[in-house]
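Residue strings, one per chain:
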Amino acid sequence: MSTADGDGRPTDGDASASDLAAQAAQAAAAAEAAAVEARRRADELARAAAAEQQAGVAVPSDPVPDHSGPQDPVVEEVRAGYAFDGPVVEIGALVVDDVAVPSAPVRIPLGMLNRHGLVAGATGTGKTRTLQLLAEQVSAHGVPVFAADVKGDLSGIAVPGTPSERLTQRCADVGQTWQPLGSPTELLTLGGLGTGVPVRASLESFGPLLLAKVLGLNETQESSLGLVFHHAREQGHRLVDLGDLRSVLTWLVGDGKAELKELGGLSSATVGVILRELVAFADQGADVFFGEPELDVADLLRLAPDGRGVVSLLEVPSVVDRPTLFSTFLLHLLRTLFATLPEVGDVEKPRLVFFFDEAHLLFADASKDFLAQVTQTVRLIRSKGVGIVFVTQTPKDVPSDVLAQLGSRVQHQLRAHTPDDAKALRATVSTYPTSGYDLGELLTRLAIGEAVVTVMDERGAPTPVAWTRLRAPQGSMAPAPADVVAGLVAASPLLPRYGTRVDPPSATEAVEAARGAAEARAEADRAARDAAAEAGRVAREADRLERGPRRRTRSRTTSTGRSTLDRAVGEASRTLARELAKSLFRRRR
């Protein structure tokens, strides 16, 4: 509280307060001046930046980390690990700190594709585009490609892509020189269900094991189905379509039941289950798939006139409600390729690369025999020059024995929203080589079009694990227009050969003939029985006629001899009976 002396002058307390007020006023003035100067400087910088931008001079910004130099050990490891001498399939560029490093490309040796591979990732993370990217480059190297177009959006591979600002930026990020280019494409469809050249298979070549898988039979029913196929083969009865199999099954539990007696026979209940499944299977349109002409797998190994491999796309959206059918058909093709192609050993490039999309459908609820067959086919078909790339959601969709055969891995983003997702993530991480990444964290935050990659190098050793931003396909990433698709099918050299279904002699005709013969034998047996009965009746009548005159003669005379008339009647009766019996037996023969 301020005070004053008697003359009214301020005391020491009042002087101190005045000094403080003056200092505050000076500080405020200085702050205001600093603010004005700051605003002026900011305006000058803004005007200078605008002028530089108009003049085309880049405005300095926060520096982007530079990982292109030799000082970055991650970059150097990837450069060295993915440097190959032979032809390669370019996948993309290494990513460090969310920035692509074009000077560190990630690639697969073309010759190692016959060591098989896996493309995995959650729905919508870019698996289909990765499949297209790989297929385009494999084709460009003169290697034919086969793939199933599950969602109907791979047909764009036949059409040159459309450039866009986003596409240009991505290509610049990964160091890709992009140009629109379509690949030579053949469109196929199962049995004519959809748009494409019809593809069929005979039932006997498909085999009981695969058919049991498609029908969802248990092991007992599968064994019985195998017995039916064995019997048909032994009898020379061709099983071409589902009608042939139905005819044989019905025959073997009916008039032909004795034919399998020595092999244990068939249970009527088991046959009933198989027949019901066949009816449901045919009602879903599967009966058009089985038949002839059957696809010659050599038609999957064609080259275009410019030397590129033909990309054969099997359209399957028309049977998407029966996914087991097309996945099992793909395995049938692989088995046929294995049985048909000669051994070639290790080659500079594969004879065919086979993309097995939605691979989890193949292994779901599979029997032990079926899995053993898949594993054996994957393991041995490498020596025939065929590479297989499984495309699915997680590595755990593929059995361990098959997964162990896969040399290259392209893993897109995985999600861990549920306990099952988290378990699948841990299982996936455990299958990768040791690396400096926290894969459990990285795999859940990969962007669309990015993947964690490791492949088999030319020495057969795994390459370093690399966070990769993938290249863009050169074909269209949208489905091909309907008129383009129709034109491709109409111009196909395969259409005249496979376009029209044929119906060769088969088990149905053989069973009908056997049934006719059985009915003839039954009719002959009935005629023989009737003839025997008639002969007996005539003999009895003759005997009655013979005894009748004899009794009358005894009543008229006591003589032991018979009259001439009695003997004549008896003899005539016996002769009549014999002739009648001969006539009846002659008619039977």
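Small disclaimer: the values here were computed from a predicted structure and weren't measured. (Residues numbered from 1 in each chain as written. Predicted model: local features only at pLDDT ≥ 70, side-chain atom pairs only at ≥ 80, totals over all residues. Heavy atoms only, no water.)

**Thoughts on the overall build of the protein**
Here comes step 1: Check the secondary structure of the protein and you find 19 helices and 12 strands.
Here comes step 2: Residue burial in the protein is summarised as follows: out of 589 residues, 45% are buried.
Here comes step 3: Sequence-distant contacts, at least 24 apart, represent 76% of the contacts inside the protein between residues at least 6 apart.
Here comes step 4: Summed over its atoms, the accessible surface of the protein is roughly 29300 Å², and 54% of this surface lies on carbon and sulfur atoms. (Helix = DSSP H or I, 4+ residues; strand = E, 2+ residues; numbered from the N terminus. Buried < 20%, exposed > 50% of the residue type's maximum accessible area, 1.4 Å probe, protein only. Contact = heavy atoms within 4.5 Å. Areas by Shrake-Rupley, 256 points an atom, 1.4 Å probe, with all protein chains shown as cover.)

**Observations regarding the pairing of strand 1 (residues 88-96)**
Here comes step 1: Most of strand 1 is tucked away, with nine of its nine residues classed as buried.
Here comes step 2: As defined by bridge partners, strand 1 adjoins strand 2 (residues 99-109) across eight bridges and the pair is classed as antiparallel. Across the sheet, the residue bridging to Glu90 is Arg107, located in strand 2.
Here comes step 3: Where strand 1 folds back on strand 2, the antiparallel hairpin that results is connected by two residues, among which Asp97 adopts a positive phi of roughly 55 degrees.
Here comes step 4: Where strand 1 and strand 12 (residues 466-470) come together, three bridges link them in antiparallel fashion. From the neighbouring strand, Ala93 faces strand 12, where its bridge partner is Arg469. (Pairing = 2+ DSSP bridges.)

**Quick notes on the side chain of Glu292**
Here comes step 1: Within the secondary structure, Glu292 sits in the loop between helix 9 (268-283) and strand 7 (311-315).
Here comes step 2: A distance of 2.5 Å separates the side chain of Glu292 from the side chain of Arg238, its partner in a polar contact.
Here comes step 3: In contact with Glu292, not counting residues within four places along its chain, are Arg200, Ser202, Arg238, Val240, Arg501, Val502 and Pro504. (Polar contact = N/O pair within 3.5 Å; in protein donor to acceptor, adjacent residues only side chain to side chain.)

**Some points on the sheet that holds strand 12**
Here comes step 1: As summarised here, the arrangement of the 12 strands in space is 2-1-12-11-10-3-9-8-4-7-5-6, forming an open sheet in which the pairing is mixed. Pairing within the sheet leaves two strands with one partner each, and these edge strands are strand 2 and strand 6 (197-199). The sheet shows a mean angle of 30 degrees between the axes of neighbouring strands, direction not considered.
Here comes step 2: Note: strand 3 (residues 117-120) against strand 9 (residues 386-392), four bridges, orientation parallel. Note on strand 9: the bridge partner recorded for Ala120 is Thr392. (Axes fitted to C-alpha atoms, helices over the stretch in contact; angles between N-to-C directions.)

**Points about the pairing of strand 10 (residues 408-411)**
Here comes step 1: Residues of strand 10 alternate between two faces, with Ser408 and Val410 on one and Arg409 and Gln411 on the opposite face, all of them buried.
Here comes step 2: The pairing of strand 3 with strand 10 spans four bridges and is parallel. Paired with Gly117 across the two strands is Ser408, which belongs to strand 10.

**As for the confidence of the model for the protein**
Here comes step 1: Chain-level statistics for the protein give a pLDDT mean of 82 and a share of 79% at 70 or above.
Here comes step 2: Mean pLDDT per element in the protein: helix 1 (residues 12-54) is the minimum at 51, and strand 12 is the maximum at 97.
Here comes step 3: Predicted confidence for residues 49-64 stays below pLDDT 50, and this span has three contacts to residues more than four positions away or in other chains. (pLDDT = per-residue confidence, 0-100.)

**Structural notes on the environment of Arg246**
Here comes step 1: Locating Arg246 in the fold gives a position in helix 8 (residues 242-252).
Here comes step 2: Expressed as a C-alpha distance, the spacing of Arg246 and Val271, which sit 25 residues apart in the sequence, is 9.5 Å.
Here comes step 3: Not counting chain neighbours up to four residues away, the residues in contact with Arg246 comprise Leu275, Leu278 and Ala282.

**Focus: the side chain of Thr394**
Here comes step 1: Its place among the elements puts Thr394 in the loop between strand 9 and helix 13 (400-403).
Here comes step 2: In this structure, Thr394 is in contact with Ala120, Leu414 and Ala424, ignoring residues within four places of it in sequence.

**Details of helix 12 (residues 368-380)**
Here comes step 1: Between its first and last C-alpha, helix 12 extends 18 Å over 13 residues, near the 18 Å set by a 1.5 Å rise per residue.
Here comes step 2: Burial in helix 12 covers these residues: Phe370, Gln373, Val374, Thr375, Thr377 and Val378. (Expected span 1.5 Å × (residues − 1).)

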